[in-house]
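Survey of secondary and tertiary structure
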Amino acid sequence: MRLTGAQIVWEMLRREGVEVAFGIPGGAIMHTYHPRSEYGVRHVLVRHEQGAAHAADGYARASGRVGVAIATSGPGATNLVTGIATAMMDSSPIVCITGQVSTSLLGSDAFQETDITGITIPITKHNYLVTDVADLAEVIHEAFYIARHGRPGPVLIDLPKDVQQAATEFVPPADEVRLPGEAHTAGPDLTEVIRRAARLMDESSRPVILAGHGVLMAGAEEVLLTFAERVSAPVAVTLLGKGGFPASHPLYLGMMGMHGDAAANRAIQEADLLIALGMRFDDRVTGDLDRYAPRARKVHVDLDAAELNKLVPVDVPIQGDVRRVLEALVPLVNAVEQREWLSRIEQWRDEARAVDIVHRAPDDRLTVPHVINAVWETTAGEAIVVTDVGQHQMWAAQYYRTDRPNAFITSGGLGTMGFGLPAAIGAQIARPDAEVWAIVGDGGLQMTVQELATVVQEGLPVKIALCDNGYLGMVRQWQEMFYDKRYEATRLVNPDFIKLAEAYGIRAWRVDDPEGAVQAVAEARRHPGPALIDFHVVEEGEYGNVYPMVPAGAALHEMIHRPLPTAGGKR
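Computed from a predicted structure; not experimentally measured.

**What to know about the overall build of the chain**
Tallying secondary structure elements over the chain gives 24 helices and 20 strands in all. Expressed as lengths along the three principal axes of its C-alpha atoms, the size of the chain is roughly 70 × 65 × 40 Å. Each of the 571 residues in the chain was classed as buried or not, and the buried ones make up 59%. Looking at the chain alone, contacts between residues at least 24 apart form 74% of all its contacts between residues at least 6 apart. Across the chain, the 51 positively charged side chains and the 72 negatively charged ones have centroids separated by 4 Å.

**Details of the packing of aromatic side chains**
Per the counting criterion, the structure on display carries 5 aromatic pairs. Note on Y471 and Y487: the rings are 5.4 Å apart at their centroids and 75 degrees apart in plane angle, and the pair reads as edge-to-face. Of this pair, Y471 sits in the loop between β18 (463-468) and α22 (473-482) while Y487 sits in the loop between α22 and α23 (497-503), placing them 16 residues apart in sequence. Arranged with centres 5.2 Å apart and planes meeting at 55 degrees, the rings of W478 and F482 form a pair that is tilted. With W478 and F482 both in helix α22 and 4 residues apart, this pair spans about one turn of that helix. Among the residues examined, W478 registers a relative accessible area of 23% and is labelled partly exposed. We classify F482 as partly exposed; its relative accessible area is 33%. Over the face of the ring belonging to Y471 we find R476, whose NZ or CZ atom lies 5.7 Å from the ring centre.

**Here we look at helix α11 (residues 221-231)**
When α11 is considered as a whole, its buried residues turn out to be E221, V223, L224, F227, A228 and V231. The buried side chains of α11 occupy one side of the element, clustering within an arc of 160 degrees when seen end-on. Packed against the buried residues of α11 are α9 (191-203), β9 (207-211), α10 (213-217), β10 (235-237), β12 (273-277) and α14 (322-329). Once α11 ends, the next one or two residues include S232, with phi positive near 55 degrees.

**Overview of helix α3 (residues 49-63)**
With 15 residues, α3 extends 21 Å from end C-alpha to end C-alpha; this agrees with the ideal 21 Å at 1.5 Å per step. By the criterion of burial, α3 is predominantly enclosed, with 14 of the 15 residues buried. Just past α3, the residue G64 takes up positive phi, approximately 80 degrees.

**Here we look at the sheet that holds β9**
On the basis of which strands lie adjacent, the open sheet formed by 6 strands has the order β11-β10-β9-β12-β13-β14 and parallel pairing. Only two strands of the sheet have a single neighbouring strand rather than two, namely β11 (252-255) and β14 (316-319). Each neighbouring strand pair of the sheet contributes to a mean axis angle of 15 degrees, computed without reference to strand direction. Two elements, strand β13 (residues 297-302) and β14, share 4 bridges in a ladder whose sense is parallel. The residue bridging V299 from the neighbouring strand is V316, located in β14.

**Notes on the pattern of salt bridges**
In the structure shown here, the tally under the stated rule is 30 salt bridges. D282 is paired through a salt bridge with R280; the nearest N and O atoms lie 3.6 Å apart. For the salt bridge of R339 with E337, the shortest nitrogen-to-oxygen distance reads 3.0 Å. Among the residues examined, E337 registers a relative accessible area of 59% and is labelled exposed.

**Some details on the nonpolar core**
Judged by nonpolar contacts, the single largest core of 73 residues is most densely connected at I209, F227, L277, V299, I318, I533 and F535. Per element, the largest residue contribution to this core is 6 residues, and it comes from α9. Looking at this core, you find at least three residues from each of domain 2 (185-348) and domain 3 (361-546). Each residue touching V299, except ones within four places of it in the same chain, is listed here: A197, L200, L273, L274, I275, A276, V316 and I318.

**Things to note about the packing of helix α17 (residues 368-379) against helix α24 (residues 514-526)**
At a minimum axis separation of 9 Å, α17 and α24 run at an interaxial angle of 45 degrees. Comparing their axes, α24 and α17 come out oblique. You can see that α17 and α24 cross each other, and the crossing is right-handed. Contacts between α17 and α24 involve H370, A374, V375, T378 and T379 from the first element and P514, A517, V518, V521, A522 and R525 from the second. For the contact of α17 with α24, a count of residues per class yields 7 nonpolar, 3 polar and 1 charged.

**Things to note about the packing of helix α12 (residues 262-270) against helix α15 (residues 339-354)**
With their axes 8 Å apart at the nearest point, α12 and α15 run at an angle of 145 degrees to one another. For the element pair α12 and α15, the recorded crossing hand is right-handed. Together, A262, A263, R266, A267 and E270 of α12 and W341, R344, I345, W348, R349, E351 and A352 of α15 make up the contact between the two elements. Tallied by class, residues from the contact of α12 with α15 come to 7 nonpolar, no polar and 5 charged.

**Remarks on the domain arrangement of the chain**
Here the chain is partitioned into domain 1 (2-175), domain 2 (185-348) and domain 3 (361-546). Relative to domain 2, the C-alpha centre of domain 1 lies at a distance of 37 Å. Contacts between the two partners involve 7 residues from domain 1 and, on the opposite side, 7 residues from domain 2. Buried surface at the junction of domain 1 and domain 2, summed over both partners, amounts to about 560 Å²; 57% is from carbon and sulfur atoms. Ranking the residues of domain 1 by area buried against domain 2 places M89, D90 and R151 at the top, with a combined share of 67%. Summed over the shared surface of domain 1 and domain 2, the number is 2 salt bridges. Taken together, domain 1 and domain 2 are joined by 3 residue pairs in polar contact (both at pLDDT 80 or more).

**Re the pairing of strand β7 (residues 155-160)**
Judged by how many residues are buried, β7 sits mostly within the fold: 6 of 6 residues are covered. Covered by surrounding structure in β7 are V155, I157 and L159 together with L156, D158 and P160, the residues of both alternating faces. Both strand β5 (residues 94-100) and β7 contribute to a ladder of 6 bridges, which runs parallel. Counted as the bridge partner of V95 is V155 from β7. The pairing of strand β6 (residues 126-129) with β7 spans 4 bridges and is parallel. Looking across to β7, one finds that L129 is bridged to D158. Running through helix α7 (residues 136-148), the crossover from β6 to the neighbouring parallel element β7 is right-handed.

**Looking at the sheet that holds strand β3 (residues 42-45)**
If you trace the 6 strands from one edge of the open sheet to the other, you get β3-β2-β4-β5-β7-β6, paired in parallel fashion. If you trace the sheet from one side to the other, it starts and ends with β3 and β6, each paired once. This sheet shows a mean twist of 20 degrees between the axes of neighbouring strands, independent of strand direction. Where α7 meets the sheet, its contacts fall on β4 (67-71), β5, β6 and β7, and the angle it forms with β7 comes to roughly 160 degrees.

Calculation criteria
- Residues numbered from 1 in each chain as written.
- Predicted model: local features only at pLDDT ≥ 70, side-chain atom pairs only at ≥ 80, totals over all residues.
- Heavy atoms only, no water.
- Helix = DSSP H or I, 4+ residues; strand = E, 2+ residues; numbered from the N terminus.
- Buried < 20%, exposed > 50% of the residue type's maximum accessible area, 1.4 Å probe, protein only.
- Contact = heavy atoms within 4.5 Å.
- Lys, Arg positive; Asp, Glu negative; His and termini not counted.
- Charge placed at Lys NZ, Arg CZ, Asp CG, Glu CD.
- Phe/Tyr/Trp six-rings, centres within 6.5 Å; stacked < 30°, edge-to-face > 60°.
- Lys NZ or Arg CZ within 6 Å of the ring centre and 35° of its normal.
- Arc of directions from axis to C-beta.
- Expected span 1.5 Å × (residues − 1).
- Pairing = 2+ DSSP bridges.
- Axes fitted to C-alpha atoms, helices over the stretch in contact; angles between N-to-C directions.
- Salt bridge = Lys/Arg side-chain N within 4 Å of Asp/Glu carboxyl O.
- Core = buried A, V, L, I, M, F, W, Y, C linked by side-chain atoms within 4.5 Å.
- Domains from an automatic or database assignment.
- Parallel < 35°, antiparallel > 145°, perpendicular 65-115°, else oblique.
- Left-handed = near helix turned anticlockwise from the far one by under 90°.
- Nonpolar A, V, L, I, M, F, W, Y, C, P; charged D, E, K, R; others polar.
- Buried area = accessible area lost by both parts, 1.4 Å probe.
- Polar contact = N/O pair within 3.5 Å; in protein donor to acceptor, adjacent residues only side chain to side chain.
- Right-handed = clockwise from strand over helix to strand, strands pointing away.

Below you can see the structure in the form of structure tokens.
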């Protein structure tokens, strides 16, 4: 059959299993939009292209499928860039399709022309500028393959206007994709390195498993649980690894790193063996590299060879799929009980509980941990939680304890403020029967607040927990602790969020005490449509800062558990 480039786009999206795309039309992509309704692919009209990229990302993380974002040329394409970089840093599979000026005008500074392929080279797995409509079907098929295959990530297709309009005989691409330079041979024989890892496990008396995002991407949750129980090893998770190991399990240590669980950080520093699974030893995880886990031998399993020995030298590097490596490792290790080691860790947990802010804060002061705890208790940990970036993100990682994979969605590597609301839209569309909570701060929400209109237009029952402290909270915390409380450019003059939500047609509540938090969450859950709760939380000081905290340049065991002493020696 003979199809235009525009028709080929939707035909190929349908063949790739795409059910929804997020975007905004414009002059250079208008022709592609024209035949969409004939192909049964749902389109979600966002209010800013950054929202389209984040929504596609949230959709991908919640569904395990490739998310799709569409934008026009020039500013439409450049507005996608932050979302593309976010997906790249967190290995999230999205395909972005951008309009472009006609091929005859490329390089002429035509109206709304931008070299988006040049701009996105560093933040995509691959990108394409399609100049011949006969190549388009194969390009789209390759793009989805690249986005899904190996370590997932974003791919961009730039589509000139005349290519969208041109017609060609449509030839469906072959199912198998063969890329230039890609080796289609059997992987390395991992038998010996896995045996070496097993021997280190058998020799260890203080093992710790570090579970990263790769556990979730590999679908390795069940075999990780089997492995951890067999070797009696506690499991610490990265921010993106939450849900890879059940938080209700006795071996669960919590999140590691700068704002990680104190017991997790201490266990890492005291361990004699680390088994790192699908994580990349990010600087927020390790603290001072020279003093990271100084007593531990290290095994690192990762699909991406570039991550092995990149930052932390390891004794046994294993390039491979986490699930398959664990499946091979389980029968090789001895079943043991590390009673003494686990007893020490339990003591550290008790010490951490004693200074837990939820139990220490006065009854009349609403803190973000109270808010997170209210959402967790009321939802029984069964909701999909999507966070923005900042203090609330760290508290959500600490206090929203989930046993479910792919139920905690956040921007990790790039730390993108504005991610939360549009990513929650994508997650809700991916999982329409799930309860989705967007936990956001007043700073991040206002970066993509216009997507409230998308929530209403699409009829999505997203619940929004707004942690409103009147500051860019994480920056303000550093200013309080390390810059003599000089709150430079961090104070926010906010709108009335209740009126703002109501202007969009969203039910809203305002809460300023712990008791009211639980009641408001329960009421929002009963409301059938979207809802926003404006939680007025403690602004600063002991109850307004995230602890534990590993300062810049410190080792993990040098965590700050309480506020630093003031000049007068008081806390």
